[in-house]
Amino acid sequence: MLIRQTPRWAIPERDATPETIFMSRRQLLGTTGIGILAAGMPSNARAANFNDSPDVATELYPAKQNLTYSLDRKLSPRSDVLTYNNFYEFGSHKDIWQRAQKLSVKPWLVKIDGMVSNPIELDAEDLIRRMPIEERLYRHRCVEAWSMAVPWSGFPLRELVKLAQPQAGAKFLEMRCFTKPDVARGQRQRWYPWPYLEGLRLDEATNDLAFIVTGIYGKPLVKQMGAPLRLAIPWKYGFKSIKSIVQFTFTDKQPKSFWEQLQSREYGFYANVNPNVDHPRWSQATEKPLGQDERIPTLLYNGYAEEVAGLYSGMDPKTLFY
Ligand SMILES: Nc1nc2c(c(=O)[nH]1)N[C@H]1C(S)=C(S)[C@@H](COP(=O)(O)O)O[C@H]1N2
Ligand SMILES: [Mo]
């Protein structure tokens, strides 16, 4: 697998437009009329910046850090994190951050339905404002064997489960991303089973670590990373952490995820990180942190065994990883 040290598309941090200048330029565009002004401006001034975060519940950030969730590793360089992404809706490669800016996240209708006493439809911003937003430092380990450590902001998934009040028979939570082939050109590739879908067992969804991300680096979440709502399940391979969620459905049937539908031998339902169980096509023993030269050992449950190993006691280990 190929991992580029410095992605060719990444703007070095020192060249990124300082926030203040960028903001005033945007305000200028707003007041003077975008058409006239944009036409006369050099193309780099018109271009989006990978730091741009949408205006969703901005007053909640930066949120207070919850020190229970800190790390023994350095945070990954921000410019790598924000420009090296998996978001197949926008293309099957890593440099989608510019394309993702086309996604409009305000308004953003979220449905919570299925086997619940309190089905709800509400705007993501209203949902976010009802939730206890905090910052957590988490590891993220992609099944492709790259990894990162990032400061997410958001709320425990358990709070959303509480709001929905699942019925006794509900055993799983199924989550869906948007379908918008007009803005997300990857969705015109009809051989993929859109929309992107993921699922958790309900006891996984209510584990302390299961987190709905609404922000990053002390600001609302950037679009390329799954604004306005995305999951972070740090003990599982990254593909479980579904982006830009529009629907949460409580069900008694085990969901079949996007990747499982494509290739169940390689991407199973549990997908718990384990350095001792190789992917059918490569080793999972080590990983390549974004922005770092050396590989480092991968940890069982990505370093979260203490918190989550109990969820799987008595299960056949073979079923837990792929
Ligand atoms: N909707 C959606 N969610 C997604 C993906 C995707 O393609 N579409 N890719 C997944 C994979 S494989 C990984 S590793 C992470 C990547 O998150 P990042 O780009 O924010 O680092 O998002 C996950 N969530
Ligand atoms: Mo991934």
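**Points about the sheet that holds strand β10 (residues 245–251)**
Then, in step 1: One open sheet accounts for five strands, arranged β2-β1-β10-β5-β6; its pairing is mixed. Lying at the two open borders of the sheet, with one neighbouring strand each, are β2 (120–123) and β6 (197–201). Between one strand and the next, the sheet's axes are offset by a mean angle of 15°, whatever the strand orientation.
Then, in step 2: Looking at chain direction, strand β5 (residues 172–177) and β10 are connected through six bridges and run antiparallel. Within β10, the residue paired with M175 across the bridge is F248.
Then, in step 3: Along the sheet, helix α7 (residues 157–164) contacts β1 (109–114), β2, β5, β6 and β10; its crossing angle with β10, the most-contacted strand, is approximately 60°.

**What to know about unusual backbone geometry**
Then, in step 1: Along the chain, W194 connects to P195 via a cis peptide bond; the corresponding omega equals 0°.
Then, in step 2: Relative to the helices and strands, P195 is located in the loop between β5 and β6.
Then, in step 3: Here the amide bond leading from A227 into P228 is cis, since omega sits at -5°, within 30 degrees of zero.
Then, in step 4: Its location among the elements puts P228 in the loop between β8 (219–220) and β9 (230–232).
Then, in step 5: A positive phi angle, close to 50°, is found at Y301, a residue other than glycine.
Then, in step 6: Secondary-structure assignment places Y301 in the loop between β12 (296–297) and α10 (305–308).

**Looking at the environment of K171**
Then, in step 1: Among the structural elements, K171 can be located in the loop between α7 and β5.
Then, in step 2: Accessibility expressed as a relative area gives 45% for K171, which makes it partly exposed.
Then, in step 3: Counting along the chain gives 80 residues from K171 to T251, while the straight-line C-alpha distance between them is 6.0 Å.
Then, in step 4: Here K171 is in contact with L200, R201, L202, T251 and D252, once residues within four sequence places are set aside.

**What to know about the packing of aromatic side chains**
Then, in step 1: Overall, the coordinates contain 23 aromatic pairs when judged by the stated rule.
Then, in step 2: Look at F50 and W97: their rings are 5.9 Å apart centre to centre, the planes differ by 85°, and that puts the pair in the edge-to-face class. Separated by 47 residues along the polypeptide, F50 in the loop between α3 (43–46) and α4 (78–83) and W97 in helix α5 (residues 97–100) bring together distant segments of the chain. For the pair F50 and W97, a shared accessibility class is recorded, and that class is buried.
Then, in step 3: Between the aromatic rings of F90 and F178, the centroid separation amounts to 6.3 Å while the plane-to-plane angle is 55°, which identifies the pairing as tilted. Within this pair, whereas F90 is found in the loop between α4 and α5, its partner F178 is found in the loop between β5 and β6, the two being separated by 88 residues in sequence. The two residues F90 and F178 agree in class, both being buried.
Then, in step 4: Every member of this aromatic cluster is reached through a ring pair, and the members are Y88, W191, Y192, W194, Y196, F239, F258, W259 and Y267.
Then, in step 5: Here the basic side chain of R136 rests over the ring of Y69, its NZ or CZ set 3.9 Å away from the ring centre.

**Regarding the pairing of strand β4 (residues 146–156)**
Then, in step 1: Of all the eleven residues making up β4, eleven are buried; the element is thus mostly covered by neighbouring parts of the structure.
Then, in step 2: As defined by bridge partners, strand β3 (residues 134–141) adjoins β4 across eight bridges and the pair is classed as antiparallel. Opposite R141, over in β4, you have S147 as the bridge partner.
Then, in step 3: Here β4 pairs with strand β11 (residues 286–289) via two bridges, running parallel. Within β11, the position partnered with W146 by the bridge is K288.
Then, in step 4: Pairing between β4 and strand β7 (residues 211–216): five bridges, direction antiparallel.

**Some points on the confidence of the model for the protein chain**
Then, in step 1: When pLDDT is averaged across the protein chain, the result is 88; 86% of the residues are at 70 or more.
Then, in step 2: Scored below 50 in pLDDT, residues 1–42 makes 48 contacts in the model with residues more than four places away or belonging to other chains.

**Quick look at α7**
Every α-helical turn comprises 3.6 residues, leaving residues that sit three or four positions apart pointing alike.
Then, in step 1: Within α7 the residues assigned to the buried category are L157, L160, V161, L163 and A164. All buried residues of α7 project into a common sector of 160° when viewed along the axis, lining one side.
Then, in step 2: Just beyond α7, the residue with positive phi is Q165, at close to 55°.

**Section: the side chain of K94**
Then, in step 1: As for its position among the elements, K94 is in the loop between α4 and α5.
Then, in step 2: A polar atom in the side chain of K94 sits 2.9 Å from the side chain of N86.

Rules used in this analysis
- Per chain, residues are indexed from 1 in the order of the written sequence.
- Each chain is given a letter, starting from A, and each ligand a number, starting from 1, according to the order in which they appear as written.
- pLDDT decides what is reported in this predicted model: residues at 70 or higher carry local features, side-chain atom pairs at 80 or more are listed and counted, and totals for whole chains, interfaces and linings draw on all residues regardless.
- Neither water nor hydrogens contribute to the side-chain values; these are computed over all heavy atoms in the structure.
- The pairing criterion is simple: DSSP has to find at least two bridges between the two strands.
- A helix here means a DSSP run of H or I that spans at least four residues, while a strand means a run of E at least two residues long, and both kinds are numbered starting from the N terminus.
- The axes used here are C-alpha line fits, helices contributing only the stretch in contact, and every angle between their N-to-C directions lies in the interval 0 to 180 degrees.
- Note on contacts: a residue pair qualifies if any of its non-hydrogen atoms lie within 4.5 Å across the two residues.
- The buried label applies to any residue whose accessible area, calculated with a 1.4 Å probe on protein chains only, is under 20% of its type's maximum; exposed applies above 50%, and partly exposed to all values in between.
- The aromatic pairing rule takes the rings of Phe, Tyr and Trp, using the six-membered ring of Trp, and pairs them if the centres are within 6.5 Å, calling planes under 30 degrees apart stacked, those over 60 edge-to-face and the rest tilted.
- In this scheme, Lys NZ or Arg CZ marks a charge over a ring once it lies within 6 Å of the ring centre and within 35 degrees of the ring normal.
- pLDDT is a per-residue confidence score from the predictor, ranging from 0 to 100.
- What the arc measures is the spread of directions leading from the helix axis to the C-beta atoms.
- N or O atoms within 3.5 Å of each other form a polar contact, as long as, within protein, one can give a hydrogen and the other can take it, and as long as residues adjacent in sequence are counted only when both atoms are side-chain atoms.

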